[in-house]
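Examining the three-dimensional arrangement
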Amino acid sequence: MGPRRDDAGSATLELAVLTPAAVLLLGLVVLAGHVVSARQVVSQAAQDAARAATTARSQAGADSAAQAAAAADLAGTDCGSWSASVSGALVPGGTMTAAVSCTTSLGILPGSFTAANTAGAVVDVYRGVATG
Amino acid sequence: MIPNQEGSITLWFAVLASGLLAVVGLVWAGGDALAAKARAQSEAFAAARAGAQAVSGAGLAAGTVVLNPMAANQAAKAVLAAAGANGVVDVSGRTVSVTVSASVPGELLSLVGIATLEVRGSASATATPGT
C-alpha cells in the first residue's frame, strides 16, 4: 500500500449505482408532465362542457353539446379514453354540472393515469327555449 | 501526483438530481397553477354573466337596460359561492366585473420556500339590449 489510496474503478461503480437513480428522476419529470397535462385538459374540458350544456335548447341537446365540447377539447391530447356527463336541469337560472374523466398513457412510462374533474355553469336567465 | 477523484460523480449527481427535482417541482406546481388560473377565469366569467342578467325591471319598463346593482352583486356572489371560489364583484353601470383569486399549493416548491402560488382570473360581462 502506497501513500495514495487506490481508487481505480470507483468512478465506474458510482456511475453504475447512480445511473438508475438518475433515470428514475427523469421518469419522475415525465410522469409529472403527463399527470399535470391530463389534469389541465380535464379541468378545461369540464368547464367548456358545462358552459356548452347551458347554451343548448333542450336537455338532450345539453348532453350532446357537452359531449361535443369535451371532444373538441380532448382531441389531440393524450386522453386515449374519456367520458363526459352532464347533470342539472336546463332551466333559466339553473346550474348545470359537467363531469369529465380521462385516462391518459404516460408516454414512455408503463401504466396510465386517470384524471377527473367537474365544473358548473349557470344557465342564462334570458334565453331562447325550444318551442312546441 | 494524481488528484483524488473520489466522490466526483456523486457531486455531479447531486447537482443533476436537484436540477431534475426543480424541474419536477416547476412542472407540477406550474401546471396546477395554470389549471387554477383557467378555472378562476372561467368562474369569473360565469359570475359576471350571472350578475349581468340582474336587469332592473323598472329600467326595462322605462325602455332602457340598466342593472339592479344589488341584485347583480348578489347573483354574481351566489355563483362564486356555489363554485367555492373567492372573488370580488364590482357592478358599474351595465357591466359586472369579477376577479377571482385562488391559491395553489406549491407542492415540491415548498422546499425552496414557495408554499403557495396565487392565481387570479378576471372577467366582465355587460348587459346589452338584444336586436
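Now for a look at the structure at hand. Predicted model only: the values in this text are computed from it and were never measured. (Residues numbered from 1 in each chain as written. Chains lettered and ligands numbered in written order. Predicted model: local features only at pLDDT ≥ 70, side-chain atom pairs only at ≥ 80, totals over all residues.)

Right, let's get into the overall build of chain A. Scanning chain A for helices and strands turns up two helices and three strands. Starting at the N terminus and ending at the C terminus, chain A contains elements arranged as α-α-β-β-β. In summary, chain A has a C-alpha radius of gyration of 25 Å against a globular reference of 14 Å for 132 residues, an excess of more than 25%. Overall size of chain A, expressed as C-alpha extent along the three principal axes, is 100 × 20 × 15 Å. Here chain A, with 132 residues, has 37% of them falling under the buried criterion. Relative to all contacts within chain A whose residues are 6 or more apart in sequence, the contacts with residues 24 or more apart total 62%. (Helix = DSSP H or I, 4+ residues; strand = E, 2+ residues; numbered from the N terminus. Rg over C-alpha atoms; globule rule 2.2 N^0.38 Å. Buried ≥ 20, exposed ≤ 12 C-beta atoms within 10 Å, placed from the backbone. Contact = placed C-beta atoms within 7 Å.)

The next point concerns the interface of chain B and chain A. Contact with chain B, which involves 29 residues of that partner, is made by 28 residues of chain A. Breaking the side of chain B that touches chain A down by element, the ones donating at least two residues are helix 1 (8–51) and helix 3 (69–83) of chain B. Among the elements that make up the side of chain B that touches chain A, the one with the highest residue count is helix 1 of chain B (21 residues). The class makeup of the residues in the side of chain B that touches chain A is 18 nonpolar, seven polar and four charged. (Nonpolar A, V, L, I, M, F, W, Y, C, P; charged D, E, K, R; others polar.)

Residue and element names in this part refer to chain A. Where helix 1 (residues 10–54) meets helix 2 (residues 59–74), the closest approach of the two axes is 8 Å, and the angle between their N-to-C directions is 150 degrees. Overall, the two elements helix 1 and helix 2 adopt an arrangement that is roughly antiparallel. Regarding helix 1 and helix 2, the two cross each other, and that crossing is right-handed. Of helix 2, the residues touching helix 1 (which contributes Val41, Gln44, Ala45, Asp48, Ala49, Ala52 and Ala53) are Ala62, Ala65, Ala66, Ala68, Ala69, Ala70, Asp73 and Leu74. The residue inventory of the contact of helix 1 with helix 2, partitioned by class, reads twelve nonpolar, one polar and two charged. (Axes fitted to C-alpha atoms, helices over the stretch in contact; angles between N-to-C directions. Parallel < 35°, antiparallel > 145°, perpendicular 65-115°, else oblique. Left-handed = near helix turned anticlockwise from the far one by under 90°.)

Moving on: the environment of glycine 121 of chain B. Residues and elements named next belong to chain B. For glycine 121, the location among the structural elements is in strand 3 (residues 116–126). Taking the C-alpha atoms as reference, glycine 121 lies 12 Å from serine 103; in sequence the two are 18 residues apart. Sequence-distant contacts of glycine 121, that is, excluding residues within four places in its chain, are made with Lys37, Ala40, Gln41, Glu43, Ala44 and Val100.

Turning next to the sheet that holds strand 1 (residues 79–87) of chain A. All names here are of chain A. The three strands are arranged 1-2-3 in an open sheet whose pairing can be described as antiparallel. One side of each edge strand has no neighbouring strand; the edge strands of this open sheet are strand 1 and strand 3 (109–122). The sheet shows a mean angle of 10 degrees between the axes of neighbouring strands, direction not considered. The strands touched by helix 2 within the sheet are strand 1 and strand 2 (95–106), with strand 1 carrying the most contacts at an inclination of about 150 degrees. (Pairing = 2+ DSSP bridges.)

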